Amino acid sequence: MSDLDLLTQSLARNVKRCRNERGFTLEALAARAGVSRGMLIQIEQARTNPSLGTVVKIGDALGVSITTLLDYEQGPKVRIVPPEQAVRLWHTEAGSFNRLLAGMEAPGPLEMWQWRLMPGEGSSSDPHPAGTVELIHVTAGELTLVVDRAEYAVPTGTSASFEANATHAYRNDGDEPLEMTMTVSVPAVR
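Worth saying up front: this structure is predicted, and the values here are computed from it rather than measured.

Definitions and cut-offs
- Residues numbered from 1 in each chain as written.
- Predicted model: local features only at pLDDT ≥ 70, side-chain atom pairs only at ≥ 80, totals over all residues.
- Heavy atoms only, no water.
- Helix = DSSP H or I, 4+ residues; strand = E, 2+ residues; numbered from the N terminus.
- Expected span 1.5 Å × (residues − 1).
- Buried < 20%, exposed > 50% of the residue type's maximum accessible area, 1.4 Å probe, protein only.
- Contact = heavy atoms within 4.5 Å.
- Pairing = 2+ DSSP bridges.
- Axes fitted to C-alpha atoms, helices over the stretch in contact; angles between N-to-C directions.
- Phe/Tyr/Trp six-rings, centres within 6.5 Å; stacked < 30°, edge-to-face > 60°.
- pLDDT = per-residue confidence, 0-100.

Here we look at helix α1 (residues 3–21)
- In this model α1 runs 26 Å from its N-terminal to its C-terminal C-alpha over 19 residues, within 8% of the 27 Å that 1.5 Å per residue would give.
- Residues of α1 that are buried: Thr8, Ser10, Leu11, Ala12, Asn14, Val15, Cys18 and Arg19.
- On its buried face, α1 is in contact with α2 (26–33), α3 (37–44), α4 (52–62) and α5 (66–70).
- Directly beyond the C-terminal end of α1, a positive phi value near 70 degrees is found at Gly23.

What follows is the structure, encoded as structure tokens:
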């Protein structure tokens, strides 16, 4: 079985399990996540490989991390994630990417990401649920962080934090690759 097949089946199983644990109907989850009921059916039947944005919306609606939705093992409280098991969810032909390094529920989703943005590239995000915060540390290059249309320069060695319940984007306006580590904390669904 390929890694993609394994992730697709894990996503199907975990979305259905989380939805049932919360007592959400397909219609309720679709409304909360802003995705179609048909898309949720395809995901729960492992018949589609949804976009990263769709998986994020479903995770936010369920109050769980992407790690939880893609996890194919139920393990002990300590989880070691070897480099080859980190999940690359987005990439471009030029070499930009993000990689989910680790995640857990604490008590809401908590995720750690590795990002690389090549010169001239960027990635934008819809607002996350109220109470979501992101922490960023730039290890190479300079990040242009855009939060609610305001731009902030975050150079090498600098960290930033922000409330992520507004539209936000990460851009590399420089001429060298940008590398950063990001942690995202989403509040638990009540």
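Side note on the sheet that holds strand β6 (residues 142–147)
- If you walk across this open sheet you meet the four strands as β4-β9-β6-β7, and the pairing is antiparallel. The sheet terminates laterally at β4 (122–125) and β7 (150–155), the two strands that pair on one side only. The sheet shows a mean angle of 15 degrees between the axes of neighbouring strands, direction not considered.
- Two elements, β6 and β7, share six bridges in a ladder whose sense is antiparallel. Bridge assignment links Thr144 to a residue of β7, and that residue is Ala153.

Quick word on the packing of aromatic side chains
- Under the defined criterion, the tally for this structure stands at two aromatic pairs.
- Taking the centre distance of 5.6 Å and the plane angle of 45 degrees together, the rings of Trp90 and Trp115 count as tilted. You can see Trp90 sitting in strand β1 (residues 87–91) and its partner Trp115 sitting in strand β3 (residues 109–117), a full 25 residues away along the chain. The two residues Trp90 and Trp115 agree in class, both being buried.
- On the numbers, 5.0 Å between centres and 55 degrees between planes, the contact of Trp115 with Tyr170 is tilted.

Brief notes about the confidence of the model for the protein chain
- Residues of the protein chain with pLDDT of at least 70 account for 91%, and the chain-wide mean is 87.
- Across the protein chain, element-level confidence peaks in strand β9 (residues 168–171) with a mean pLDDT of 96 and bottoms out in strand β2 (residues 97–105) with 75.

Digging into α4
- For α4, the set of buried residues is Thr54, Val55, Ile58, Gly59, Asp60, Ala61 and Leu62.
- Here the buried face of α4 lies against α1, α2, α3 and α5.

Quick word on unusual backbone geometry
- Phi is positive for Asp148, which is not a glycine, with a value near 50 degrees.
- Overall, Asp148 belongs to the partly exposed group, its relative accessible area being 48%.
- In the Ramachandran plot, Arg149 falls in the positive-phi region, its phi being about 75 degrees despite a non-glycine side chain.
- Mapped onto the elements, Arg149 comes out in the loop between β6 and β7.
- Residue Arg149 is classed as exposed on the basis of its relative accessible area, which comes to 75%.

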